[in-house]
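Architecture at a glance
Single-letter residue listing:
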Amino acid sequence: MVLAYNSYMEVNFYSLEELNESQLNSIVQMHMIALPNSALSNSGIKNLLFFYRAVAKNSSYLTRVAIIEGRCVGVILLKNKTSFLKLGEIQFLFKILSTNILKMKFFMIYDLIVLFFYRFLVSYDAWIEILFVDEHYFNLGIGKKLFSEIISNKENNFRVFLNYNKKNLIAESFYRKIGFRKTFVNRRIVIVSYTN
Ligand SMILES: CC(C)(COP(=O)(O)OP(=O)(O)OC[C@H]1O[C@@H](n2cnc3c(N)ncnc32)[C@H](O)[C@@H]1OP(=O)(O)O)[C@@H](O)C(=O)NCCC(=O)NCCS
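Within each chain, residue numbers correspond to sequence positions counted from 1 in written order. Where totals are concerned, whole chains, interfaces and linings use all residues; where local detail is concerned, this predicted model gives features only for residues with pLDDT of at least 70, and gives and counts side-chain atom pairs only at 80 or more.

Points about the overall build of the protein
The helix and strand inventory of the protein stands at 7 helices and 7 strands. The helix count covers DSSP runs of H or I at least four residues long, the strand count covers runs of E at least two residues long, and both are numbered beginning at the N terminus. Counting from the amino terminus, helix and strand elements in the protein follow one another as β-α-α-α-β-β-α-α-β-α-β-α-β-β. Since a compact globule built from 196 residues should have a radius of gyration of about 16 Å, the 16 Å found for the protein is in line with a globular shape. Reported as C-alpha extents along the three principal axes, the dimensions of the protein are approximately 45 × 35 × 30 Å. Sorting the 196 residues of the protein into buried and exposed places 21% on the buried side. For the purpose of contact definition, each residue receives a C-beta atom placed from its backbone, and two residues are in contact when these atoms lie within 7 Å. Contacts spanning at least 24 positions in sequence make up 73% of the contacts within the protein whose residues lie at least 6 apart. Atoms considered for the radius of gyration are the C-alpha atoms alone. The globule rule reads 2.2 Å times the number of residues to the power 0.38. For the exposure call, what matters is how many other C-beta atoms sit within 10 Å of a residue's own: 20 or more marks it buried, 12 or fewer exposed, and in between partly exposed, using C-beta atoms placed from the backbone.

Topic: the packing of helix H1 (residues 21–34) against helix H3 (residues 45–57)
It is the contact of H1 with H3, at a shortest axis distance of 10 Å, that shows an interaxial angle of 120°. Between H1 and H3, the angle falls in the class oblique. Considering only the axes of H1 and H3, their crossing is right-handed. Each of Leu24, Ile27, Val28 and His31 in H1 lies in contact with H3, whose residues at this interface are Ile45, Leu48, Leu49 and Tyr52. Taken together, the residues of the contact of H1 with H3 sort by class into 7 nonpolar, 1 polar and no charged. Helix axes are fitted to C-alpha atoms over the stretch in contact, other axes to C-alpha atoms as well, and angles between N-to-C directions run from 0 to 180 degrees. For classification purposes, angles smaller than 35 degrees are called roughly parallel, those larger than 145 roughly antiparallel, those between 65 and 115 roughly perpendicular, and all remaining angles oblique. Here a crossing is taken to be left-handed if its near helix is turned anticlockwise relative to the far helix by less than a right angle, and right-handed if that turn runs clockwise. Amino acids are sorted into nonpolar (Ala, Val, Leu, Ile, Met, Phe, Trp, Tyr, Cys and Pro), charged (Asp, Glu, Lys and Arg) and polar (every other residue, Gly among them).

Written as C-alpha cells, this is what we have:
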C-alpha cells in the first residue's frame, strides 16, 4: 500500500548499512522499476541485491535512503574517487559484464569505454552512481532532498559528476534545476557536474 505523502509526513535519511533485509529488497525492486535499462537491472535481482549489500559495506561509497513512515522511497549512492578499484569491485564488474555481454550491443560497449576514459581523465571528487525515487513519490522534492543530504557536509569546491541517458528528459530537467551543468554530450550519454 502506498501512503499519500503530505507535508506532515517526515522524510528520514539512513545509510544503506542501517537498513534491514526487507528494506534492502524493496530498494532492489524499486531500482528495477526506476532504472529498467541499466546494466545492473539487466543483471537480475540476485546480482542487484549482491551489489547493494557490497555497496553498504564499501567505505568509498556514501549512501542515503529516504524513508517515509518505514517505507523506502528514494536512494542516492555517491562514490568517492579512489585511485584503484577494490578486488570485490573488479569481481563484480566481471560478473555484470559476463551476465550482460550477450545482450549488449556494440554501442553499449563503446559507451562504457567512453565513460571509463572520461572518469579516468577528468578531475572530480565523487561520482553519483545511482539516484532514483519511487515513482509514487515523484515531484515532492525527495530527489532534491537526497542530493542535498549527500552534498551538504562536503567542503567548498567539492566536484561531483554523474551521467544519464540522453533520452531521459526527466533527468535532464531535474539535474539542471538542482544546479548541474553539462560537461559532455554524445549521441547517448550526457555527463553533468556540480561544484559545491
Ligand atoms: C529524476 C528523479 C530522481 C527526480 O526525483 P523527484 O523527487 O521527483 O524530484 P524533485 O521533486 O526533488 O524535483 C526537483 C526539481 O526537479 C524538477 N523535476 C522533477 N521531475 C521533473 C519532471 N518530470 N519534469 C520536469 N521537471 C522535473 C522539479 O520541478 C523540481 O524543480 P524546482 O526545484 O524548480 O521545483 C526521479 O524522477 C526518478 O527517480 N526518475 C527515475 C530514475 C532516473 O531517471 N534517475 C536519474 C537518472 S540517473
